Amino acid sequence: MKDTINNIKDWNLGIDCKTPVIIAGPCSIESEEQVLETARRIYLSNKDSVKIFRAGVWKPRTNPGCFEGLGLTAIPYLKKIKDEFGMKIAVEIPDALRLKELFTIYKDVVDIIWVGARTTGDVFAVQSIIDMMCEMHLENIPVLIKNPISPDIKLWEGAIERFTSNNINNIGLIFRGFKNFNETKYRNTPIWKLPLSIKKKYPNVCIFGDPSHIGGNRNYIKELSQISLDCGFEGLMIECHCNPEEAWTDASQQITPENLNTLLSELVFKDNHNDVELSVLRDEIDIIDREIIKLLADRMDVSRKIADFKEENCLKTYQPKRAKEVLETRKEFGKKMKLNENFIEDVYKRIMDESILMQDFVKLDLILNKNMTW
Ligand code: PEP
Ligand code: MN
């Protein structure tokens with residue numbers, strides 16, 4: 001297994017450009033005009049920084065009936081972009097059949113392929129893409145592997161191993177965050193320590209941050225790009241559209257080519273990535289804090305139900321015996337968790353004060369029969 005890992009080509013995607021490497025282009029190709037206009041403007045405003053053009057040709061969608069891409073019809077448009085602007089072309093390959101059709105009909109258009117997040121999680125689909133690459137002698141095509149939708153690092157590593165053990169060694173990764181089941185700031189939660197642990201294990205593999213799919217919102221592209229670079233990723237893949245608001249897919253996260261230029265000029269590229277650890281730890285704290293706040297809100301909801309119960313049963317809001325018991329048991333548990341007793345006492349006194357205050361308001365509301373908002 002180790003040997004195959006060592007075969008990964010050292011940061012070689014068959015392109016001559018300096019790091020960070022920027023891949024930009026629309027989420028999907030919607031028409032010849034849209035993709036050519038996007039490429040022309042990317043070229044005009046970013047010709048020194050963007051050497052690779054990305055475009056979705058087949059779009060795996062969650063719901064049927066949505067726009068699923070133009071398919072092979074779009075490849076000649078990409079050929080025009082390649083010839084006119086000299087950019088390398090990267091597309092997502094959703095399965096072995098499409099790979100076969102693409103490389104049978106158009107041999108020299110697509111330079112780099114990527115495996116989408118949904119596909120990485122499907123080991124048979126990954127294996128059949130690999131088998132087809134071998135059958136068609138496409139082993140030297142660079143492949144970028146997106147992380148799977150779930151934060152299952154083994155699945156992502158497994159995909160790397162699958163490619164390398166079949167002698168496909170020109171590979172890189174794309175980090176696009178993980179599906180979250182609770183509401184969070186970003187569309188896909190970036191657990192930065194996971195790509196960083198992969199980087200430690202496979203130092204030769206290059207990683208692209210995908211701030212567009214992590215953020216799901218163009219307002220977050222800059223901060224997520226900066227974190228990606230601070231993590232020491234070698235590149236960024238950013239969705240760019242000539243008219244982002246009207247895009248047929250991922251409209252909220254695409255930016256114009258001109259805004260890409262501004263964004264890239266504002267990013268700071270450092271050689272030294274010592275502060276990564278701090279970003280990673282802060283990222284963990286952010287996730288934990290959101291959980292704490294959600295739990296406090298859940299606790300308050302239960303407290304509201306208790307207020308109704310107390311009112312119906314003519315019970316007093318503040319019950320000293322229960323308050324004492326809560327404080328004592330929480331302090332005891334806190335001690336077991338190696339937390340300072342006074343700290344837990346302070347926190348719980350504050351929580352209980354707030355809860356009592358809220359219960360008094362609920363009571364007042366019930367008495368006045370008004371809907372007061374708390
Ligand atoms: C994409 O890059 O357009 C895409 C569909 O991304 P993901 O596979 O990360 O959802
Ligand atoms: Mn997209």
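Look above for the structure.
Conventions adopted
- Residues numbered from 1 in each chain as written.
- Chains lettered and ligands numbered in written order.
- Predicted model: local features only at pLDDT ≥ 70, side-chain atom pairs only at ≥ 80, totals over all residues.
- Heavy atoms only, no water.
- Axes fitted to C-alpha atoms, helices over the stretch in contact; angles between N-to-C directions.
- Helix = DSSP H or I, 4+ residues; strand = E, 2+ residues; numbered from the N terminus.
- Parallel < 35°, antiparallel > 145°, perpendicular 65-115°, else oblique.
- Left-handed = near helix turned anticlockwise from the far one by under 90°.
- Contact = heavy atoms within 4.5 Å.
- Nonpolar A, V, L, I, M, F, W, Y, C, P; charged D, E, K, R; others polar.
- Donors = N, O, S within 2.8 Å, 3.2 Å for Na, K, Ca; no water.
- Buried < 20%, exposed > 50% of the residue type's maximum accessible area, 1.4 Å probe, protein only.
- Salt bridge = Lys/Arg side-chain N within 4 Å of Asp/Glu carboxyl O.

A few words on the packing of helix H2 (residues 32-46) against helix H11 (residues 257-266). For the pair H2 and H11, interaxial distance at closest approach is 8 Å and the crossing angle is 30 degrees. For the element pair H2 / H11, the angle class is roughly parallel. Relative to H11, H2 is oriented so that their crossing is right-handed. Residue-level contacts link Thr-38, Arg-41, Ile-42, Ser-45 and Asn-46 of H2 to Pro-257, Glu-258, Leu-260, Asn-261 and Leu-264 of H11. Residue composition of the contact of H2 with H11, grouped by class: four nonpolar, four polar and two charged.

Our focus in this paragraph is the coordination of the manganese ion (ligand 2). Protein coordination at the manganese ion (ligand 2) comes from Cys-27 (SG), His-213 (NE2), Glu-239 (OE) and Asp-250 (OD), with a distance range of 2.1 to 2.4 Å. Here the donor residues of the manganese ion (ligand 2) share one chain and are spaced in sequence as C-x185-H-x25-E-x10-D. Residue Cys-27 is located in the loop between strand E1 (21-25) and H2, and its partner Asp-250 is located in the loop between strand E10 (235-239) and H11; the two are separated by 223 residues in the primary sequence. Across the pair, exposure class does not vary: Cys-27 and Asp-250 are buried alike.

Here the focus is the pattern of salt bridges. Here the structure, examined in full by the defined rule, presents 24 salt bridges. Among the salt bridges present, the one from Arg-54 reaches Glu-239, with a minimum N-O distance of 3.3 Å. Taken as a pair, Arg-54 in strand E2 (residues 50-55) and Glu-239 in strand E10 lie far apart in primary sequence, 185 residues in all. Between Glu-157 and Lys-201 there is a salt bridge, with its nearest N and O atoms 2.9 Å apart. Remark: Lys-201 occurs in helix H8 (residues 193-201) and Glu-157 occurs in helix H7 (residues 153-165); sequence separation between them is 44 residues.

Let's shift gears to unusual backbone geometry. The residue His-137 is not glycine, and still its phi comes out positive at about 55 degrees. Position of His-137 among the secondary structure elements: in the loop between helix H6 (123-135) and strand E5 (143-146). Exposure remark for His-137: the relative accessible area of 66% places this residue in the exposed category. Of note, Asn-167 is a non-glycine position whose phi angle comes to about 65 degrees, a positive value. By the element assignment, Asn-167 lies in the loop between H7 and strand E6 (171-175).

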